[in-house]
Amino acid sequence: MKYLVVGPSWVGDMVMAQALFIELKKRDPEAVIDVLAPGWSLPIIARMPEVDLGIAAPWRSGKLAIKAQWQLACSLKGYDKAIILPRSFKSALVPFMAGIPERVGFRGEGRSLLLTDGRKRRPTRSGQTITDRTVWRYMGLGLTPEEYQRYQFTVPLPALRVDTENAAAVMASLGLDSGLPAIAICPGAEYGPSKQWPLQNHRTLAGELVLQGYQVWVMGGPKDVPAGDEIAGGQAGVFNLCGKTRLEDTVDLFHHCQRVVSHDSGLMHVAAASSASVVAIYGSTSPEFTPPLTERATIIQYPIECSPCFERTCRFGHYKCLTNIPVHRVMEACL
């Protein structure tokens, strides 16, 4: 069986999608799995042993890019089945244009005519709890319709390849001491401020970790540089690496860390798949839906009646689900 999987557009979701690839390979070790996804995700896809080829998608935000999709579709031949993980209309166009005989995905955005197997999203039962985990939805699309109705999900843990030589080279280029234990702090969350623990708390945590003998790496993308400056500024032993590393570099650096402190974000999932020990801080979202897929995770939450609300910003303006999490609690999880 030769699969074309249309991958998601978020870092964490792409990592979680590896569970589907692992399951497909488990069922058919000879399966060929190619993944069509945004160009930024190709370095992460390249770290997934189950994937044969990553293909850059021609999508642009808010645009269908019909000509580019058609040109790509004409080059995609020989696939037996397409599994379309996003729910957008445009994500189903390339498999349809390419004439892939089986095209499975969830209904939505009027794209049912583009699918040969349009599924209705439904909560999944785990024990006595009914929920709708993202990773279960992805895995469910790899099943037959009959299996999808009764499948009890056992989620394989994503595991990205680690390049220790690259980790050493990156640490050398950034002037980091490879012999000193490190803890990473990831202060970003693309979703919004309702996921973000206060930066002053991160700064205090970083300073206390240095006193315990650790170096602290503040990690994130270019947008997180100001947050990294606020956390690291003037603190010896705290390094702002935001915007200074490639996505694949974070896989290798996380693997080197003693702990990774993160919000419910894409980097949390990257850290989990890098076999790092994760301290995951949740605010408006819930680990019942997007947990770090690792057995080495500590979940930090503050119970409040309005959480989880899954809002990007706090409707009440107090953000108590985050501000009421004290530094010492996260510190204890790190140590």
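Residues take numbers from 1 onward in each chain, read along the sequence in its written order. Only residues with pLDDT of at least 70 are given local features in this predicted model, and only at 80 or more are side-chain atom pairs given and counted; all residues enter the totals for whole chains, interfaces and linings. Only hydrogens and water are removed before side-chain values are computed, so all heavy atoms of the structure are retained for them.

Just give me the short version of helix 3 (residues 66-75), but keep the residues and values in it.
Between buried and exposed lies partly exposed: a residue is buried under 20% and exposed over 50% of the maximum accessible area for its type, with that area taken using a 1.4 Å probe on protein chains only. Only DSSP runs of H or I reaching four residues or more are called helices, and only runs of E reaching two or more are called strands; each is numbered from the N terminus. Burial in helix 3 covers these residues: Gln69, Leu72 and Ala73. The arc that holds every buried residue of helix 3, seen down its axis, measures 100 degrees, which confines them to one face. In helix 3, the exposed positions that point more than 90 degrees away from the buried face belong to Lys67 and Ser75. Note that the arc is defined by the directions from the helix axis to the C-beta atoms.

Report on helix 13 (residues 327-334), specifying residues and quantitative values.
Listed in full, the buried residues belonging to helix 13 are Val327, Val330, Met331, Ala333 and Cys334. An end-on view of helix 13 places all buried positions within 160 degrees of arc, on one side of the element. Two residues qualify as a contact provided that any one of their heavy atoms is within 4.5 Å of a heavy atom in the partner residue. Looking at the buried residues of helix 13, the elements they touch are strand 9 (182-186), helix 8 (199-211), strand 12 (259-263), strand 13 (278-281) and strand 14 (297-300).

Account for empty space enclosed by the protein, with residues named and values stated.
Site definitions follow a grid-based scheme: protein atoms alone, a 1 Å grid, a 1.4 Å probe that fits but cannot get out for cavities, and for pockets an open set with protein on both sides within 12 Å along at least five of seven lines, plus lining residues having an atom within 4 Å of a point. Grid points are joined across faces, edges and corners, and a volume is the space filled by probe spheres set on the points. Under the counting rule described, the total for this entry stands at 2 cavities of 30 Å³ or more. Counted as a void, the largest cavity has a volume near 100 Å³. Contributing to the lining of the largest cavity are 13 residues, with Cys306, Cys309, Cys314, His318 and Cys321 lying nearest its centre. Under this grouping Gly is polar, as are all residues other than the nonpolar Ala, Val, Leu, Ile, Met, Phe, Trp, Tyr, Cys and Pro and the charged Asp, Glu, Lys and Arg. A class-by-class count of the residues in the lining of the largest cavity yields 7 nonpolar, 4 polar and 2 charged.

Lay out the confidence of the model for the protein chain with the relevant residues and their values.
Interpreting fine coordinate detail is not advised for predicted regions of low pLDDT. Every residue is assigned a pLDDT by the predictor, reflecting its confidence on a scale from 0 to 100. The share of residues in the protein chain with pLDDT of 70 or more is 95%, and the mean pLDDT across the chain is 92. Here residues 125-130 is a poorly scored stretch, pLDDT under 50, and it has 6 contacts once near neighbours within four places are set aside; other chains count.

Run through the state of the cysteines, naming residues and quoting values.
In plain terms, two cysteine sulfur atoms within 2.5 Å form what is called a disulfide here. For the coordinates displayed, the defined rule picks out 0 disulfides. With no disulfide of its own, Cys257 lies 8.3 Å from the sulfur of Cys186, the closest cysteine sulfur. We classify Cys257 as buried; its relative accessible area is 7%. A disulfide-free cysteine, Cys321 has its sulfur positioned 6.5 Å from the sulfur of Cys306, the nearest such atom. The exposure class of Cys321 is buried, given its relative accessible area of 10%.

Tell me about the pattern of salt bridges, and please be specific about residues and values.
Between Lys or Arg on one side and Asp or Glu on the other, a salt bridge is scored when a side-chain nitrogen of the former is within 4 Å of a carboxyl oxygen of the latter. Applying the stated criterion across every chain, the model contains 9 salt bridges. Taking the shortest distance from any N to any O, the salt bridge between Asp117 and Arg119 comes out at 2.9 Å. The class of Arg119 is buried, set by a relative accessible area of 4%. In this structure, Lys195 engages Asp264 in a salt bridge whose closest nitrogen and oxygen atoms are separated by 3.7 Å. Taken together, the residues span a long stretch of sequence, with Lys195 in the loop between strand 9 and helix 8 and Asp264 in the loop between strand 12 and helix 11 (266-273) at a distance of 69 residues. For Lys195, a relative accessible area of 11% translates into the label buried. What makes Asp264 buried here is its relative accessible area of 4%.

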